[in-house]
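Observations on the three-dimensional arrangement
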Amino acid sequence: MLASLPPLRFLPLCVSFGPGDSPSPGRRPQTVATMASATPDSQARFGQSVKGLLTEKVNTCGTDVIALTKQVLKGSRSSELLGQAARNMVLQEDAILHSEDSLRKMAIITTHLQYQQEAIQKNVEQSSDLQDQLRHLLK
């Protein structure tokens, strides 16, 4: 059964997932020699170990892709919210300008009402003077 298995000289590269995980060049031949002389049981366990590490790495990459997708969607949602905020600000600006115009008009109306009040007070004073004169004449 050992003779029917292909040589395992590339197998140690499968467990290499990052720069710190790669086997050094001096250790590779020793690992290959150890794996070639290993029993089918240990080879199966090693294969399962590699499968487990690979599955874990694939799951981690999947999780990272999901996180990246969420971040991209959140970013696109942020620009959408920013656009909505800009539109709302323009609407508020129009309302503020309208309110400012209304306040100016109200200030003008208030000034006119004050002039009318002063004129009415003068007329009341004059009418009371006329009433006094009329009473004097009628006596």
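If you check an unreviewed UniProt entry, the protein appears there as BLOC-1-related complex subunit 7 from Octodon degus. Taken directly from UniProt, the Sequence similarities (unreviewed entry) text for the protein runs: "Belongs to the BORCS7 family." Quoted verbatim from the Subcellular location (unreviewed entry) field of UniProt, the annotation for the protein is "Lysosome membrane".

Concerning the confidence of the model for the protein
In regions of low pLDDT, the predicted coordinates are not meant to be interpreted in detail. Averaged over all residues, the pLDDT of the protein equals 77, while 73% of them reach at least 70. Looking across the protein, the model is least confident in helix α1 (residues 11-14), with a mean pLDDT of 40, and most confident in helix α3 (residues 40-138), with 88.

Things to note about the pattern of salt bridges
Within the structure shown, the criterion is met by four salt bridges. Between Glu100 and Arg104 there is a salt bridge, with the nearest N and O atoms lying 3.5 Å from each other. With a gap of four residues between them, Glu100 and Arg104 both fall in helix α3, about one helical turn apart. Residue classification places Glu100 among the partly exposed positions, given a relative accessible area of 38%. Residue class for Arg104 comes out partly exposed when judged on its relative accessible area of 48%. Here the salt bridges do not stand alone but share partners, grouping Glu100, Asp101, Arg104 and Lys105 into one network.

What counts and how
Residues numbered from 1 in each chain as written. Predicted model: local features only at pLDDT ≥ 70, side-chain atom pairs only at ≥ 80, totals over all residues. Heavy atoms only, no water. UniProt positions renumbered as here; feature names shortened; annotations may be inferred. pLDDT = per-residue confidence, 0-100. Helix = DSSP H or I, 4+ residues; strand = E, 2+ residues; numbered from the N terminus. Salt bridge = Lys/Arg side-chain N within 4 Å of Asp/Glu carboxyl O. Buried < 20%, exposed > 50% of the residue type's maximum accessible area, 1.4 Å probe, protein only.

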